[in-house]
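# Residue-level structural notes
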Amino acid sequence: MKAHIFGLLVAALATPALASGSHEGGHGEAMAVGEPGKKASATRTIEVTMKETDDGRMIFTPPTFKVSKGQTIRFAIKNAGGLDHEFVLDQEDKIMEHKAVMEKFPEMEHDDPNAIRLAAGESGEIIWKFTNDGTFKIACLVPGDYDAGMHGDVTVARSDHRKEPNMKCLIKLTLATALAVGTAYGALAQEFTKATVKKVDVKAKKVTLIHEELKSLEMPAMTMVFRVQDDAILEKLKEGANVEFAAERVNGKLTVTEVK
């Protein structure tokens, strides 16, 4: 298992990502598909519906979009179906890597500006600036949904015909390619891991942690959303604080069980 995880991480590092400047929202990683945009800079709103069909398919409406390089788009997304769905925007290879990991670890929740997960009837938005031309993917990576048809294409056209300048590629490990995780846990479940608290959602009893390698779950260092087992633990979690925590699956959810 460890050798397999190491191989996935090496493959991720070997894939270049174009450096495209700083990102809104503190995400920080350069992505070929672009970067988070400012709502005030959006020049177009695209309304996207996610739903199931009577014949068992799962679809985006519309499934394809055409935008211009440099354009900032507001995606207004509504889940009109009866199941949870998500909207993920990325390169096709990253989508497929993420899809494979989600099939192994379906309870994962992500905190990325290029993705949003919505329960039935919910609405949300993604503001995105397309900094590179090419063809990219949108997909729902809830296990089974992609194979049932919930994916599409975003074509980004060059805004002019000038030759693009040469630039060095900045190789960075993003969340989408770093989600190489195992499923075993047990004796190491209470081993403590260092982390920085990024966000606390008291109402939902969730915390977003930027953590080191989580050996108890064979999970590499990344930013992840966890459930919190009880209020006493939640009180110890303050945004910006450095903590040590233990986590395990509780009722199928990744859960912080202890903090010190």
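Residues numbered from 1 in each chain as written. Predicted model: local features only at pLDDT ≥ 70, side-chain atom pairs only at ≥ 80, totals over all residues. Heavy atoms only, no water.

This next bit is on the overall build of the chain. Assigned secondary structure in the chain consists of 4 helices and 15 strands. Expressed as a percentage of its 260 residues, the buried residues of the chain come to 45%. Counting contacts in the chain only where the partners sit at least 6 residues apart, residues at least 24 apart contribute 70% of the total. Summing over all exposed atoms, the chain offers an accessible surface of approximately 13100 Å²; the carbon and sulfur share of this is 52%. (Helix = DSSP H or I, 4+ residues; strand = E, 2+ residues; numbered from the N terminus. Buried < 20%, exposed > 50% of the residue type's maximum accessible area, 1.4 Å probe, protein only. Contact = heavy atoms within 4.5 Å. Areas by Shrake-Rupley, 256 points an atom, 1.4 Å probe, with all protein chains shown as cover.)

The share of residues in the chain with pLDDT of 70 or more is 77%, and the mean pLDDT across the chain is 81. A low-confidence stretch, residues 1-28 (pLDDT under 50), is modelled with 52 contacts involving residues beyond four sequence positions or located in other chains. (pLDDT = per-residue confidence, 0-100.)

Spatially, 5 strands are ordered β11-β12-β13-β15-β14 in a closed barrel, and the strand pairing comes out mixed. Recorded for the sheet is a direction-independent mean angle of 55° between the axes of neighbouring strands. Where strand β11 (residues 193-201) lies against strand β14 (residues 242-250), 4 bridges are found, and the strand directions are antiparallel. The residue bridging Thr-196 from the neighbouring strand is Asn-242, located in β14. (Pairing = 2+ DSSP bridges. Axes fitted to C-alpha atoms, helices over the stretch in contact; angles between N-to-C directions.)

This part covers the pattern of salt bridges. One pass over the structure, following the stated rule, counts 8 salt bridges. Arg-57 is the partner of Asp-55 in a salt bridge, and the nearest nitrogen-oxygen pair spans 3.1 Å. Among the residues examined, Arg-57 registers a relative accessible area of 42% and is labelled partly exposed. The closest approach of N and O atoms between Glu-103 and Lys-99, which form a salt bridge, is 2.8 Å. Residue Glu-103 and its partner Lys-99 are both found in helix α2 (residues 92-104); the two are separated by 4 residues, about one turn of the helix. Residue Glu-103 is classed as partly exposed on the basis of its relative accessible area of 41%. Bridged by salt links that share partners, the residues Lys-39, Arg-74 and Glu-125 form one connected network. (Salt bridge = Lys/Arg side-chain N within 4 Å of Asp/Glu carboxyl O.)

Below, the discussion takes up the pairing of strand β7 (residues 115-118). Burial along β7 is one-sided: Ile-116 and Leu-118 are buried, and none of Ala-115 and Arg-117, which face the opposite way, are. Examined bridge by bridge, strand β6 (residues 85-90) and β7 share 4 bridges and lie antiparallel to one another. Within β7, the position partnered with His-85 by the bridge is Leu-118.

Another aspect to go through is α2. With 13 residues, α2 ought to run about 18 Å at 1.5 Å a step, and its terminal C-alpha atoms sit 19 Å apart, in line with that. Here α2 has its buried residues at Lys-94, Ile-95, His-98, Lys-99, Val-101 and Met-102. (Expected span 1.5 Å × (residues − 1).)

Under the defined criterion, the tally for this structure stands at 5 aromatic pairs. A centroid spacing of 5.8 Å and a plane angle of 80° characterise the contact between Phe-60 and Phe-87, whose relative ring orientation is edge-to-face. A residue pair is termed long-range when its members are at least 10 positions apart, and Phe-60 in strand β3 (residues 58-61) and Phe-87 in strand β6 qualify at 27 residues. A single burial state applies to Phe-60 and to Phe-87, both of which are buried. Taking the centre distance of 5.4 Å and the plane angle of 45° together, the rings of Phe-75 and Phe-87 count as tilted. Of this pair, Phe-75 sits in strand β5 (residues 72-79) while Phe-87 sits in strand β6; the two residues are 12 residues apart in sequence, bridging distant segments of the chain. The two residues Phe-75 and Phe-87 agree in class, both being buried. One aromatic cluster is present, built from ring pairs that chain together Phe-60, Phe-65, Phe-75, Phe-87 and Phe-130. The residue whose ring lies beneath Lys-260 is Phe-192, and the NZ or CZ to ring-centre distance is 4.3 Å. (Phe/Tyr/Trp six-rings, centres within 6.5 Å; stacked < 30°, edge-to-face > 60°. Lys NZ or Arg CZ within 6 Å of the ring centre and 35° of its normal.)

Now for the side chain of Asp-145. Tracing the backbone through its elements, the reader meets Asp-145 in the loop between β9 (134-139) and β10 (151-157). For Asp-145, the contacting residues outside a window of four places in its chain are Met-58, Asp-84, His-85, Cys-140 and Met-150.

Let us now look at the nonpolar core. Counting residues in each nonpolar core, the largest one holds 30 residues, and the members touching the most others are Val-207, Met-219, Phe-226, Leu-237 and Phe-245. In terms of residue count, the dominant contributor to this core is strand β13 (residues 222-228) (4 residues). In terms of nonpolar packing, the next biggest core, distinct from the first, is built from 27 residues, Val-67, Ile-77, Cys-140 and Met-150 among them. (Core = buried A, V, L, I, M, F, W, Y, C linked by side-chain atoms within 4.5 Å.)

Among the secondary structure elements, Val-154 is positioned in strand β10. Residue classification places Val-154 among the buried residues on the basis of a relative accessible area of 0%. When the C-alpha atoms of Val-154 and Asp-90 are compared, they prove to be 9.4 Å apart, with 64 residues separating the residues in sequence. Ignoring any residue separated from it by four or fewer positions in sequence, one finds Val-154 in contact with Phe-65, Val-67, Leu-89, Phe-130, Gly-134, Thr-135, Phe-136 and Ile-138.

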